[in-house]
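Working through the structure, step by step
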Amino acid sequence: TDHTVSIYQQFKTAFQSTILIYKQLFYNPKLRWITIRIGTIWAVFGFAYYGVILLITRIYEHHNGDSDNETNGNAVCSFNYGEIAINTSAELLGVGIAYLLIDNIGRRGTQMAMYLIGSIALIIMGGVHHITGEAISVLGFFMRGAAMAASCATWVMTPELYTTDVRATAHSFLNCLARLGALLSPFLVVSKLNTLQVALFLGFTNIIAFTAAYLLHDTTGLAIDKVRSNDVNDGNDVNDGNDGKDV
């Protein structure tokens, strides 16, 4: 019917438009490098953020002897709600820290600082053999707060890196990378690797995010549709090839 043909044409047009946007993201030399760098950050923060949550749970379990109970056939489902609540509340602090820093030291600086702090806390937590419950709470608090602050800055910076014609598709694609990273994190944390190895791996991924953020140009203070010519292409507009400042 005519209605079916109309729906098909709309779908075909939307699909072709999406393909053209992806071609811009990956075939335009400057946009490609922006996408690779910010995409690395998104994949890492998805992987590391959920990995941190799982790692803290694993360390609490080991500290409280729950894994021994399971081995002995005395598995008990129990939660230390007080410690879990304290650890989770770090995300509120992380949002506040991101709010205070993001316009002062910039989007790039905020990400670099928070990913570095998270990496250091991870390495310390994983490397201490006889860690107390209090130390788990403190280090876990820093890890969770730093992860949230870093991800907030990443969310803010991402749409500022892209022009209107590609922004929504780029942001959706990068969000998918974070979900894929989160999907992979249990395979690392819930494995036969010891906590030090897991923490070192998660810490290393944070260093990768730190490096990728360093390689990006800061967007602080730029209008949403103003892009630096050396970030998009060789001084040309992404759409029509004029002087490259207004898109």
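In case you missed it, the structure is sitting above this.
Residues numbered from 1 in each chain as written. Predicted model: local features only at pLDDT ≥ 70, side-chain atom pairs only at ≥ 80, totals over all residues. Heavy atoms only, no water.

Attention shifts here to the overall build of the chain. Tallying secondary structure elements over the chain gives 10 helices and zero strands in all. From first element to last, N terminus to C terminus, the chain shows the α and β order α-α-α-α-α-α-α-α-α-α. Burial statistics for the chain: of 247 residues in total, 40% are counted as buried. A separation threshold of at least 6 residues defines the contact pool for the chain, and within that pool the share at least 24 residues apart is 78%. Entry remark: accessible area of the chain is about 13,400 Å², with carbon and sulfur atoms responsible for 65%. (Helix = DSSP H or I, 4+ residues; strand = E, 2+ residues; numbered from the N terminus. Buried < 20%, exposed > 50% of the residue type's maximum accessible area, 1.4 Å probe, protein only. Contact = heavy atoms within 4.5 Å. Areas by Shrake-Rupley, 256 points an atom, 1.4 Å probe, with all protein chains shown as cover.)

Helix length check: helix H9 (residues 195-214) (20 residues) gives 28 Å between terminal C-alpha atoms against 28 Å at 1.5 Å per residue, within 8%. Along H9, the residues classified as buried are Val198, Ala199, Leu202, Gly203, Thr205, Asn206, Ala209, Ala212 and Ala213. The N-cap of H9, judged by a side-chain oxygen 3.1 Å from the amide nitrogen of Leu196 a few residues on, is Asn194. (Expected span 1.5 Å × (residues − 1). Polar contact = N/O pair within 3.5 Å; in protein donor to acceptor, adjacent residues only side chain to side chain.)

Further remarks concern the packing of helix H6 (residues 106-127) against H9. Between H6 and H9, whose axes approach to 8 Å, the crossing angle comes to 165 degrees. Classified by the angle their axes make, H6 and H9 are roughly antiparallel. Crossing hand, H6 versus H9: left-handed. On H9, the residues touching Arg108, Gln111, Met112, Tyr115, Leu116, Gly118, Ser119, Leu122, Ile123, Gly126 and Gly127 of H6 are Thr195, Leu196, Ala199, Leu200, Leu202, Gly203, Asn206, Ile207, Ala209, Phe210, Ala213 and Tyr214. Residues that form the contact of H6 with H9 fall into these classes: 14 nonpolar, eight polar and one charged. (Axes fitted to C-alpha atoms, helices over the stretch in contact; angles between N-to-C directions. Parallel < 35°, antiparallel > 145°, perpendicular 65-115°, else oblique. Left-handed = near helix turned anticlockwise from the far one by under 90°. Nonpolar A, V, L, I, M, F, W, Y, C, P; charged D, E, K, R; others polar.)

Counted according to the given criterion, the structure contains five aromatic pairs. Considering the side-chain rings of Tyr49 and Tyr50, the 5.1 Å spacing of their centres and the 80 degrees angle between planes classify their relative orientation as edge-to-face. (Phe/Tyr/Trp six-rings, centres within 6.5 Å; stacked < 30°, edge-to-face > 60°.)

Right, let's talk about the pattern of salt bridges for a bit. Counted under the stated rule, the structure contains three salt bridges. Close ionic contact of Arg107 with Glu160 constitutes a salt bridge, the shortest N to O distance being 2.9 Å. Pair noted here: Arg107 is in helix H6 and Glu160 is in helix H7 (residues 133-161), with a separation of 53 residues, a long-range link. Classification of Arg107 as buried rests on a relative accessible area of 8%. What emerges from the salt-bridge pattern is a single network uniting Asp103, Arg107 and Glu160. (Salt bridge = Lys/Arg side-chain N within 4 Å of Asp/Glu carboxyl O.)

Ranked by size, the top nonpolar core spans 27 residues in total, and within it Ile38, Ile41, Trp42, Tyr115, Leu161, Tyr162 and Leu216 carry the most contacts. Going through the elements one at a time, helix H1 (2-27), helix H2 (29-64), H6, H7, helix H8 (164-189) and H9 are the ones with two or more residues in this core. Considering every element that reaches this core, the biggest residue donor is H2, with seven residues. What Ile38 contacts, discounting residues up to four positions off in sequence, is Thr154, Thr158, Leu161, Tyr162, Leu174 and Leu216. (Core = buried A, V, L, I, M, F, W, Y, C linked by side-chain atoms within 4.5 Å.)

In an α-helix, one full turn covers 3.6 residues, which means residues spaced three or four apart are oriented alike. Compared with the 38 Å implied by 1.5 Å per residue over 26 residues, the 38 Å span of H8 between its first and last C-alpha is a close match. All of the buried residues along H8 are Val166, Arg167, Thr169, Ala170, His171, Leu174, Ala178, Gly181, Ala182, Ser185, Leu188 and Val189.

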